[in-house]
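# Fold and contact review
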Amino acid sequence: MAKSISTDHALVRKAANKMFLRSYGGDRRPRFASPYPLFPAVRDLEAKLPQLRAEVEELLRQRELGRYEDIDPVRAAQISKDWRLYYAYVLGVPNEAARKDTPTLLEFAEKTPGVVSAMVSVLEPGVNLDPHAGPYAGILRYHLCISTPAENPPRIRVDQEYYTWKAGESIVLDDTFEHEVRNEADEPRVVIIVDFRRPLGPLADSVNRWFLRSKRKASSKMIQLSNGDY
């Protein structure tokens, strides 16, 4: 029975993904985009970049972030066991520790319409994200680079296009395309990730909101594991 329910959910999600992507340009949709026309509120977050950077740097001094293998072992086996993440906000659920750890990021997530999740992403030296595609098409992913190696900086490939992070700069990417990252530098790459609901028409947006609500039950566990609480 559990397998049947899981299979049914996967089939419904696949149909929903087709709806979302068809209404967002299909295969012609951009791999990368400027964040400001899509999500103008990120200017408020970027205006607080020095404060946000200080909070993230203190977080990394004080706390060992959860490994992706411990947060989601199934996906980690496909992508990277050693990717480190800290969830400040997941599917509408706040990480209460983030009120102290990353209050600027959490405040932005809680007050900004359309935010699905917000996190700190750390790719340490020698850690790679293997080629993969996001399983759910209802979001677009915003990156704000906190810090990246000056020498041999890592870059992300999305489909056949590439982007190299620069500290203080931001980009939106469509992670439903195959993408990968390699960090062959001697320093970590630290990025803020904010997932936004993909801009869609009324019907597709209603379906998207329903799916996101249905996934919310996993939020608290993801937050706990990203805090390093095993």
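Below, the structure is looked at part by part. (Residues numbered from 1 in each chain as written. Predicted model: local features only at pLDDT ≥ 70, side-chain atom pairs only at ≥ 80, totals over all residues. Heavy atoms only, no water.)

### Some thoughts on the pairing of strand β12 (residues 189-197)
For β12, the buried fraction is high: eight of the nine residues fall into the buried class. In terms of strand pairing, strand β5 (residues 115-123) meets β12 through eight bridges, oriented antiparallel. In the strand pairing of β12, Met119 is matched with Ile193. Note: strand β7 (residues 139-147) against β12, eight bridges, orientation antiparallel. If you follow Ile139 over to β12, its bridge partner there is Arg197. (Buried < 20%, exposed > 50% of the residue type's maximum accessible area, 1.4 Å probe, protein only. Helix = DSSP H or I, 4+ residues; strand = E, 2+ residues; numbered from the N terminus. Pairing = 2+ DSSP bridges.)

### Considering the pattern of salt bridges
Counted under the stated rule, the structure contains 20 salt bridges. Between Glu124 and Arg84 there is a salt bridge, with the nearest N and O atoms lying 3.7 Å from each other. Remark: Arg84 occurs in strand β3 (residues 84-90) and Glu124 occurs in the loop between β5 and β6 (128-132); sequence separation between them is 40 residues. Ionic pairing is found between Glu180 and Arg157, a salt bridge with its closest N-O pair at 2.9 Å. With a gap of 23 residues between them, Glu180 in strand β11 (residues 179-182) and Arg157 in strand β8 (residues 155-158) connect regions that are remote in the sequence. Note on Glu180: relative accessible area 22%, which makes it partly exposed. (Salt bridge = Lys/Arg side-chain N within 4 Å of Asp/Glu carboxyl O.)

So, to be careful, I would describe these as geometric facts and stop short of saying anything about function.
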